[in-house]
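What the coordinates show
Single-letter residue listing:
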Amino acid sequence: MNAGCVILACTLLVGASSGSKAGQPLKPPCRPGFSQNFYTVIVSRDVLHGQSILKDTTLSSERVKFEDCQRNREVGFVSSDPNFSVRPDGTVYAEQEVANLSEPVQFMVTARGLHDPHIWETTVKLALAGHPHPLPFTKIGIEEMLSRVWDSPPRVIKFLRKHQRGSSANGLRRQKRDWVIPPINVPENSRGPFPHMLVRIRSDQDKDVGIRYSITGAGADQPPSGIYNIDPISGNMFVTQPLDREERASFHLRAHAVDMNGNQVENPIDLYIYVIDMNDNRPEFQNQVYNGSVAEGSKPGSSVMQVTATDSDDSTTANGMVRYRILSQSPHSPIPNMFTINSETGDIVTVAAGLDREKVSQYTIIVQATDMEGNLNFGLSNTATALISITDINDNPPELTVRTFSGEVPENKVNVVVTNLTVVDRDQPHSPNWNAVYRIVSGDPSGHFTIRTNPITNEGMLTVVKPVDFEFNRAFMLTVVVSNQAHLASGIQSSLQSTAGVTISVQDVNEPPVFPVNPKVIRFEEGVPAGTTLTVFAAQDPDHFIHQTVRYSKLSDPANWLKINRTNGQITTMALLDRESIYVKNNVYEATFLAFDNGKSGSPQASGTGTLQINLIDVNDNAPVLIPREAQVCERARPNSRINITASDADAEPNIGPFVFELPSFPASVRRNWTISRLNGDYAQLRLRIPYLEASVYEIPIIVSDSGNPPLSNRSVIRVKVCPCDDNGDCSATGAVAAAGLGTGAIIAILICIIILLSMVLLFVVWMKRREKERQAKPLLIDPEDDVRDNILKYDEEGGGEEDQDYDLSQLQQPESLDHIINKPTGVRRVDERPVIAESQYPVRPSLPHPGDIGDFINDGLRAADNDPTAPPYDSLLVFDYEGSGSTAGSVSSLNSTSSGDQDYDYLNDWGPRFKKLADLYGGGDDD
């Protein structure tokens, strides 16, 4: 290259390495492409001015490092601005002098692979460090800049020629710089009119052949489509609507030229369109309300909090550069400007001393953020609220409200609040800076008192924790100091009012008598006779200044063995003391006594209790008892056929074993058949003396003696079952049954059970006989289970089928003609028909009631109806006695229960007990 180059300080990072060092978290997978879509390069003014700026002068050694992830991809870089290029090693350099860089220059860098179609793009913006804006940021300047960009005549962009110029080091055929298409700049938020022509695309061959032009890419035929279009004949390219840089900052289109047959006439050319940013977005705070805090008493310059606002406009221009300021502070105490804010970072700090939470606990700050670098005339602004809480420090010591407190406490009382110590603390309530801690520094060497803090009121509750005695201390003078849980802040001294005195008066009360030795332990032998004096159990009255009489009574005496003298407390026995009693535990008998005074003026009696423990010394007063009481042996003497016996004694050492076991001399058969051999002091063996003894149950008396002085003996009986044994020496089943016997009590119980069972059987037989006789003597009576009166009977009959559902009511009516009845043969007839013959087939009820059983009459009528062959298959009414159309009896309405007639109703007594009530009503006559 003939022209020199100026290397610019720009680093374009493409892709990311997929490797990671040991111990570091893994990075995301490698993805080729530029790390940013927009790069800004600031060029120093010192470098651009002066004769030292020559072609080939190096300005920086920064390079573009391209990581293709595949390690073998060949990538080349191409700049859209002919004045700048990118070397294969990533260095951005200028093709000509850049001394005339009076305003920022923006161009696009494209990375292309040699063997694949991938393309990566990024935008590079060059600006002069410290160079003022080309136009002042005034309304006129902005309009003039937009007008210059928007109303400038459209450029004509020609297609590139197909001849190439030299190959570059990276293998790409770089075209002439005159053919590189400069970027197209379009301001955002333009008001039109639309469509607005941007450039004209034309080919040098449009004079020879008909050319059709088209554009492709995002914004043309790809989403967002329709923003740009081109006249296919003239090649004029238009923008159809306003653009928004915050949505899309640049577009990359490709222009195509084909003939009328669709054949490509020119190689496609790249069109880069950049949207010029306008200040159309206000700064936005991340929060509408910010909360911060600072300790009271903080020095100027103490950090409080930070507020942050963002602007969607281009942050590299004044449109997106935000500045902060404080609009107001509330309250204005102690001065209106207690805080300041860093205009660029938004950090709020204190600027003056005097923060006091006890005076002002919270400040409200209104913060304003303005873009255009804080230009209030043309910048857009927004506000937010900052609430600054003043945190408490322990800068106020607690102070007691008075210098001396007083109180009273009765003696012998604990957990009693004597007085409440009140305190004042202006620090934050219910915090360590406010919570009071009380200490007694003098006046209570024995630790009778303590001070507990009330968590709600912060008062000190002076409490008695150890009983005080009026007879020893009538008053206390305490010194109390109060402090906080937290230490006082640096430089704060304790107040003199943090110390106070407390005067406590002790009130005398009637104290109960006290037993000097409690419990009192004495030793006595058991079995002492009643009336024996054991001890004097006296109590003392602690009230030395008042003379009172002490009386005694018994409070607890489980065995009722003792009594106490009411005046002097002397303990005597009322019964024998028995060490083996159930009321004695571990040889100790315990009783409780009550001592009470006569009270003093205005006070009730006071009583105290004392416990007397009597340690009973054992005497030999219990004879030993044989164990076991039952055993079994084989009828034939064997080596293993022996009974081990021992004894138990309720006494204690030395009045128990060793025991002496012996057989009595009477009856003589005992010593003849049995013998006892001593095993040790407590055990002996009973065995057969003879070779064979008949199987049975034998009661063997044994005399057992203990080792007391004098010894006690007991004649005990052991029941031994002698039975046949098997080869193992065990009693066989048959032998056990034969040897087993029933005692007299068991036999009597069995006999009584047999007698009771026989008596119950006999009573049941007698009752059945009596019931049978009653049924035979009174056949008229109907069994209650068969009685149909006042009962509902359920028959398991379904009737006569379908015919049973269709009743012939004419059968129930009196027939008009009697021919079919007259012609009927004699014998059985229908009972629901009118009788026409003189003799009746049914039994005729006599005019007077039959004194006998009327049940036969009803049964005869039932049999006649059942045997009638002319009866219908369904249920019908049965007429037992047809009276005809008229009646000779007359009307029954003339009957009157109160009338006195001559009719005799005594026959009702003959009808049985069921008519007894009726006989009593009508048969009594005038006797009623």
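An unreviewed UniProt entry lists the chain under the name Cadherin-4, with Oreochromis aureus as the source organism. UniProt, in the comment section headed Function (unreviewed entry), describes the chain in these words: "Cadherins are calcium-dependent cell adhesion proteins."

**A look at the overall build of the chain**
A count of helices and strands for the chain gives eight helices and 48 strands. For the chain, buried positions account for 34% of its 928 residues. A separation of at least 24 residues holds for 66% of the contacts in the chain among residues at least 6 apart in sequence.

**Section: helix α7 (residues 855-866)**
The terminal C-alpha atoms of α7, which comprises 12 residues, lie 17 Å apart, in line with the 16 Å expected from a rise of 1.5 Å per residue. Of all the residues in α7, the buried ones are Gly-861, Ala-864 and Ala-865. The arc enclosing the buried residues of α7, seen along the axis, measures out at 100 degrees, which places them on a common side.

**Points about unusual backbone geometry**
In the segment running from Ile-627 into Pro-628, the intervening peptide bond is cis, with an omega of 0 degrees. Residue Pro-667 is bonded to the preceding Phe-666 through a cis peptide linkage, with omega at -5 degrees. Even without being a glycine, Asn-586 presents a positive backbone phi close to 55 degrees. Looking at where Asn-586 falls in the secondary structure, it is placed in the loop between β38 (570-573) and β39 (588-596). Phi is positive for Asn-587, which is not a glycine, with a value near 65 degrees. Positionally, Asn-587 belongs in the loop between β38 and β39. Here Asn-587 falls in the partly exposed class, since its relative accessible area comes to 32%.

**Side note on the side chain of Asn-394**
Of note, Asn-394 is situated in the loop between β24 (381-391) and β25 (399-400). Its relative accessible area of 3% is what places Asn-394 among the buried residues. Polar side-chain contacts of Asn-394 include one of 3.4 Å to the side chain of Asn-484. Polar contacts involving the side chain of Asn-394 include one to the main-chain carbonyl oxygen of Ala-486, which spans 2.8 Å. In this structure, Asn-394 is in contact with Asp-427, Asn-433, Asn-484, Ala-486, His-487, Leu-488, Ala-489 and Ile-492, ignoring residues within four places of it in sequence.

**Brief notes about the environment of Phe-285**
Looking at where Phe-285 falls in the secondary structure, it is placed in strand β16 (residues 284-285). Note: C-alpha distance between Phe-285 and Thr-308 (23 residues apart in sequence) is 5.8 Å. Apart from residues no more than four positions distant in its own chain, Phe-285 is found in contact with Tyr-290, Val-307, Thr-308, Ala-309, Tyr-324, Val-367, Gln-368, Ala-369, Asn-382, Thr-383 and Ala-384.

**Things to note about the side chain of Thr-370**
Following the sequence through the fold, Thr-370 ends up in strand β23 (residues 362-370). Judged by its relative accessible area of 2%, Thr-370 falls in the buried class. Looking at Thr-370, its side chain comes within polar contact range of the side chain of Ser-381, at 2.7 Å. Excluding residues within four positions of it along the chain, Thr-370 makes contact with Pro-283, Met-321, Val-322, Arg-323, Asn-375, Leu-376, Gly-379, Leu-380 and Ser-381.

**So, the pattern of salt bridges**
The final tally for this structure, using the stated rule, is 13 salt bridges. Across the pair Glu-630 and Arg-719 runs a salt bridge, and its minimum N-O distance is 3.4 Å. Of this pair, Glu-630 sits in strand β42 (residues 630-634) while Arg-719 sits in strand β48 (residues 713-723), and the two are 89 residues apart along the sequence. You can call Arg-719 partly exposed: its relative accessible area is 28%. Residues joined in a network through salt bridges with shared partners are Arg-202, Asp-204 and Asp-206.

**Let's talk about the nonpolar core**
By size, the foremost hydrophobic cluster in this structure holds 25 residues, and its most contacted members are Ile-215, Tyr-228, Met-237 and Leu-271. Those elements that provide at least two residues to this core are β9 (184-187), β10 (196-202), β11 (212-217), β12 (228-230), β13 (236-239), β14 (250-258) and β15 (264-276). The element best represented in this core is β15, accounting for five residues. Counting 24 residues, the second-largest nonpolar core is a separate cluster that includes Val-294, Val-304, Ile-348 and Leu-355.

**A short note on a nonpolar patch on the surface**
Judged by side-chain polarity, Leu-757, Val-761, Phe-764, Val-765, Trp-767 and Met-768 come together as a nonpolar surface patch covering roughly 610 Å² of accessible area. With respect to the helices, strands and loops of the structure, Met-768 is situated in helix α5 (residues 744-777). Met-768 gets classed as partly exposed once you look at its relative accessible area, which sits at 39%.

**A short note on the packing of aromatic side chains**
Under the counting rule described, the total for this entry stands at 11 aromatic pairs. A ring pair is formed by Phe-449 and Phe-476, whose centres lie 5.1 Å apart and whose planes are at 80 degrees; its orientation type is edge-to-face. Of this pair, Phe-449 sits in strand β30 (residues 449-453) while Phe-476 sits in strand β32 (residues 475-484), and the two are 27 residues apart along the sequence. By relative accessible area, which is 6% here, Phe-449 ends up buried. Given the relative accessible area of 7%, Phe-476 is considered buried. The structure contains a cluster of three or more aromatic residues connected by ring pairs, namely Phe-515, Phe-537, Tyr-552 and Phe-593.

**With respect to the state of the cysteines**
Under the defined criterion, the tally for this structure stands at two disulfides. Two residues share a disulfide in this structure: Cys-723 and Cys-731, whose sulfurs sit 1.9 Å from each other. Among the residues examined, Cys-723 registers a relative accessible area of 1% and is labelled buried. Look at Cys-731 and you get partly exposed, because its relative accessible area is 22%.

**Quick look at the UniProt feature "transmembrane region" (unreviewed entry) in the chain**
The residues that UniProt annotates with the feature "transmembrane region" (unreviewed entry) are residues 746-768. Secondary structure within residues 746-768 divides into 100% helix and 0% strand; the distance between the first and last C-alpha atoms comes to 34 Å.

**Some remarks on the sheet that holds strand β33 (residues 499-507)**
The strands making up a sheet associate through hydrogen bonds between their backbones, and the pairing can be parallel or antiparallel. With respect to topology, four strands assemble into an open sheet ordered β26-β33-β32-β29, the strand pairing being mixed. Each having just a single partner strand, β26 (404-410) and β29 (436-442) make up the two edges of the open sheet. Pairwise comparison of adjacent strand axes, ignoring direction, gives a mean angle of 30 degrees for this sheet. In this sheet, β33 lies alongside β26 in parallel orientation, the contact comprising seven bridges. Bridge assignment links Val-409 to a residue of β33, and that residue is Val-506.

**Observations regarding a positive patch on the surface**
Positive charge collects at one region of the surface, where Arg-642, Arg-671, Arg-687 and Arg-689 lie side by side. As for its position among the elements, Arg-689 is in the loop between β46 (684-688) and β47 (696-705).

**With respect to the sheet that holds β15**
In spatial order, the strands read β9-β15-β14-β11; together these four strands make up an open sheet with mixed pairing. Both edges of this open sheet fall to β9 and β11, since each of them pairs with a single strand only. For this sheet, the mean inter-axis angle between neighbouring strands, taken without regard to orientation, is 30 degrees. Strand direction decides the pairing type here: β11 and β14, joined by six bridges, are antiparallel. Note that in β14 the partner of Tyr-213 across the bridge is Ala-257.

**What about the environment of Pro-724?**
In this structure, Pro-724 sits in the loop between β48 and α4 (733-739). For the pair Pro-724 and Val-633, spaced 91 residues apart in the sequence, the C-alpha separation amounts to 8.5 Å.

**Re the confidence of the model for the chain**
Mean pLDDT over the chain: 77, with 70% of residues reaching 70 or higher. Contacts from residues 132-146, a stretch scored under 50 in pLDDT, to residues over four places away or in other chains number 15 contacts. A low-confidence stretch, residues 827-832 (pLDDT under 50), is modelled with 26 contacts involving residues beyond four sequence positions or located in other chains.

Rules used in this analysis
Residues numbered from 1 in each chain as written. Predicted model: local features only at pLDDT ≥ 70, side-chain atom pairs only at ≥ 80, totals over all residues. Heavy atoms only, no water. UniProt positions renumbered as here; feature names shortened; annotations may be inferred. Helix = DSSP H or I, 4+ residues; strand = E, 2+ residues; numbered from the N terminus. Buried < 20%, exposed > 50% of the residue type's maximum accessible area, 1.4 Å probe, protein only. Contact = heavy atoms within 4.5 Å. Expected span 1.5 Å × (residues − 1). Arc of directions from axis to C-beta. Polar contact = N/O pair within 3.5 Å; in protein donor to acceptor, adjacent residues only side chain to side chain. Salt bridge = Lys/Arg side-chain N within 4 Å of Asp/Glu carboxyl O. Core = buried A, V, L, I, M, F, W, Y, C linked by side-chain atoms within 4.5 Å. Patch = residues over 30% accessible without salt bridge, like charges linked within 9 Å, V, L, I, M, F, W, Y side chains within 5 Å. Areas by Shrake-Rupley, 256 points an atom, 1.4 Å probe, with all protein chains shown as cover. Phe/Tyr/Trp six-rings, centres within 6.5 Å; stacked < 30°, edge-to-face > 60°. Disulfide = S-S within 2.5 Å. Pairing = 2+ DSSP bridges. Axes fitted to C-alpha atoms, helices over the stretch in contact; angles between N-to-C directions. Lys, Arg positive; Asp, Glu negative; His and termini not counted. Charge placed at Lys NZ, Arg CZ, Asp CG, Glu CD. pLDDT = per-residue confidence, 0-100.

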